[in-house]
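# Summary of the model geometry
Listed below, chain by chain, are the residues.
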Amino acid sequence: MQYISTRGQSQPQSFSEILLGGLAPDGGLYLPASYPQLADADLTRLRGMSYPQLALAVLSYFITDIPAADLKAIVDKTYTAAVYCNNRPGTDANAITPLLVLEPGLGLLGLSNGPTLAFKDMAMQLLGHLFEYVLQKTGRHINILGATSGDTGSSAEYAMRSKQGVRVFMLSPYQKMSAFQTAQMFSLQDENIFNIAVRGVFDDCQDLVKAVSNDHAFKQQYHIGAVNSINWARIAAQVIYYFRGYFAATDSNDQPVSFTVPSGNFGNVCAGHIARMMGLPIRHLVVATNENDVLDEFFRTGVYRPRGSAHTFHTSSPSMDISKASNFERFVFDLAWRDGGRIRRLWSAVEQGGAFDLTQEQDDEDTLFGRVPGFGFRSGSSTHAERMATIRHCQERYGLMIDPHTADGLKVALEQRETGVPMIVLETAQPAKFEAAIVEALGRRPERPAGMENLEQLPQRFEVMDADVEAIKHFVAVRV
Ligand SMILES: *Cc1c(COP(=O)(O)O)cnc(C)c1O
């Protein structure tokens, strides 16, 4: 399998060649040159598999340059009941992503049983093992520099801790994350993990990472890398659980299922799009946003209009507080018949601070926006009050506590449900991670998974620094 860029001006590459990188040299995102096509017999073969077996089967379509036995070993140590042990009492830890049935035709796919209680562990844990494997093979090492407002940073650190050849330098806004999120990251004592608390906000952290990455000489000399959400391997790993969820909700391959996905950077739902393109019988992919509704606006109107940071709201589902959806380009590439020239033109408007309108993009008889229903997409959004009401509704009606991101999803799923088509909401985090929102909604605290009761009391290891590019570079340079 070769990978091509959405902007059409980069050389095709293999999986291992794009694993450690970010954007393609032409500024685009990598996608498979073509999607594997699964027939009914393939689905039947996958249906009975355990999670690690299914992961190996799905990843084998995308990763053709790692020997099968090595890939199997990587997958087997990633998807274990011990790693995804933070499952709800009464669910099967071996399921890895258990499907909780709320009522007939409505389910919740538990994706947040990993070490940091958010769905990003599903992909990031695999990435940790893949990085270590590829670096060992080539005798190289990497220094991951990242910025986080919470979930991505902790997920990356737990995946990369103690991995050979990998160091992590994670910038976070000083005293701006929840106590739980802060403690999750800062309590790690591993020598290859460096937490840098920046005096500033998340945007300052992100600007620092960009400034360091734009210094190409520094980047090369110090082997600076990233694990951000445009990384192809993360998307590939997320494709697996759409299959798992589909099989758990059906008993034959002729039944369609819809998924609702709490969305920010469009990474999670992009994996659903790919599963659908591979032939998984998905009826609708419902994109759920919070007040930061750039994606909902697109699916309603055809206009993609990223916002500035001044128009990005801080909400009670903070991991979805985005101004632009970095993986969205992957979907538009498919929508636009994989025409890299067209993507370059559309995104040159976006990169100049503008927008594009796909109702104005002619495509034979129709417009590009007219093609969207053929890809199964729907959307909706939620406000703080609706999120709170949905957390209460879910608790009262189904006896189940959900986090505010999953509540954004359930709110929209209930609006978009159709009779006869099971709807699966992806559970992207556990309530324990967002205690303040749960207290506001339900008047009591969520229970924590075993071993996390006293997280905030553990000793913390972090450095407080100013938002100063040279100081950050110096900090990295003397430690690698
Ligand atoms: C990252 C995250 C999301 C958004 O996922 P995308 O892949 O960026 O769309 C939603 N919910 C939670 C809890 C997250 O951590």
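Quick note: structure is the one above.
Presented here is a report on the structure given in the accompanying data block. These numbers were taken from a predicted model, which means no experiment stands behind them.

### A look at the sheet that holds strand E6 (residues 166–173)
- A sheet is described by the order of its strands in space; here five strands give the open sequence E8-E5-E6-E7-E17, paired in parallel fashion. Looking at strand neighbours, the two that pair on one side only are strand E8 (224–225) and strand E17 (463–466), the edges of this open sheet.
- Where strand E7 (residues 193–199) meets E17, four bridges bridge the pair, whose relative direction is parallel. Paired with Val198 across the bridge in E17 is Met465.

### Description of the layout of surface pockets
- In this structure, the second largest pocket encloses a volume near 390 Å³.
- Around the second largest pocket sit 18 residues that line it, and Arg88, Pro89, Gln430, Pro431 and Glu447 are the ones nearest its centre.
- For the lining of the second largest pocket, the per-class residue count stands at nine nonpolar, four polar and five charged.

### Overview of the site of the ligand
- As a matter of local geometry, the ligand sits amid 15 residues, with Lys120, Asp151, Gly264, Asn265 and Asn268 nearest to it.
- Residue Asp151 places a side-chain N or O atom 2.6 Å away from an oxygen atom belonging to the ligand.
- Here an oxygen atom of the ligand sits 2.7 Å away from a polar atom, N or O, in the main chain of Asn265.

### What about the packing of helix H8 (residues 202–214) against helix H18 (residues 469–477)?
- Packing of H8 against H18 leaves a shortest axis separation of 10 Å and a crossing angle of 70 degrees. As judged from the angle between their axes, H8 and H18 are roughly perpendicular. As H8 packs across H18, the resulting crossing turns out to be right-handed. Only Val469, Ile472 and Lys473 of H18 make contact with H8, whose side of the interface consists of Leu208, Ala211 and Val212.
- In terms of residue class, the contact of H8 with H18 is built from five nonpolar, no polar and one charged.

### Here we look at the packing of helix H10 (residues 232–249) against helix H11 (residues 267–277)
- At a minimum axis distance of 8 Å, the contact between H10 and H11 shows a crossing angle of 65 degrees. Seen from above, H10 lies across H11 with right-handed handedness. Residues Trp232, Ile235, Gln238, Val239, Tyr241, Tyr242 and Phe243 of H10 lie in contact with H11, whose contacting residues are Gly267, Asn268, Val269, Cys270, Ala271, Gly272, Ile274 and Ala275.
- When the residues that make up the contact of H10 with H11 are grouped by side-chain class, the tally is 11 nonpolar, four polar and no charged.

### What about H10?
- Over its 18 residues, H10 runs 27 Å from end to end, which matches the ideal 26 Å to within 8%, given 1.5 Å per residue.
- Within H10, 16 of the 18 residues are buried, leaving the element largely enclosed by the surrounding structure.
- Measuring from the side-chain oxygen of the N-cap residue of H10 to the backbone nitrogen of Ala233 gives 2.8 Å; that N-cap residue is Asn231.

### Points about the nonpolar core
- Formed by 109 residues in total, the largest nonpolar core has its most connected members in Tyr79, Tyr242, Phe243, Phe266 and Phe328.
- If one sorts the elements of this core by residue count, H10 sits on top with 12 residues.
- In this view, Tyr79 contacts Tyr51, Pro52, Ala55, Tyr84, Ile96, Met122, Leu126, Ala237 and Ile240; residues no more than four positions away in its chain are not counted.
- Core analysis: the next-biggest nonpolar cluster, separate from the first, contains 22 residues, Val286, Met401, Ala407 and Ile438 among them.

Calculation rules
- Residues numbered from 1 in each chain as written.
- Predicted model: local features only at pLDDT ≥ 70, side-chain atom pairs only at ≥ 80, totals over all residues.
- Heavy atoms only, no water.
- Pairing = 2+ DSSP bridges.
- Helix = DSSP H or I, 4+ residues; strand = E, 2+ residues; numbered from the N terminus.
- 1 Å grid on protein atoms, 1.4 Å probe; cavity = no way out; pocket = protein on both sides within 12 Å on 5 of 7 lines; lining within 4 Å.
- Points joined across faces, edges and corners; volume = space filled by probe spheres on them.
- Nonpolar A, V, L, I, M, F, W, Y, C, P; charged D, E, K, R; others polar.
- Near = heavy atom within 4 Å.
- Polar contact = N/O pair within 3.5 Å; in protein donor to acceptor, adjacent residues only side chain to side chain.
- Axes fitted to C-alpha atoms, helices over the stretch in contact; angles between N-to-C directions.
- Parallel < 35°, antiparallel > 145°, perpendicular 65-115°, else oblique.
- Left-handed = near helix turned anticlockwise from the far one by under 90°.
- Contact = heavy atoms within 4.5 Å.
- Expected span 1.5 Å × (residues − 1).
- Buried < 20%, exposed > 50% of the residue type's maximum accessible area, 1.4 Å probe, protein only.
- Core = buried A, V, L, I, M, F, W, Y, C linked by side-chain atoms within 4.5 Å.

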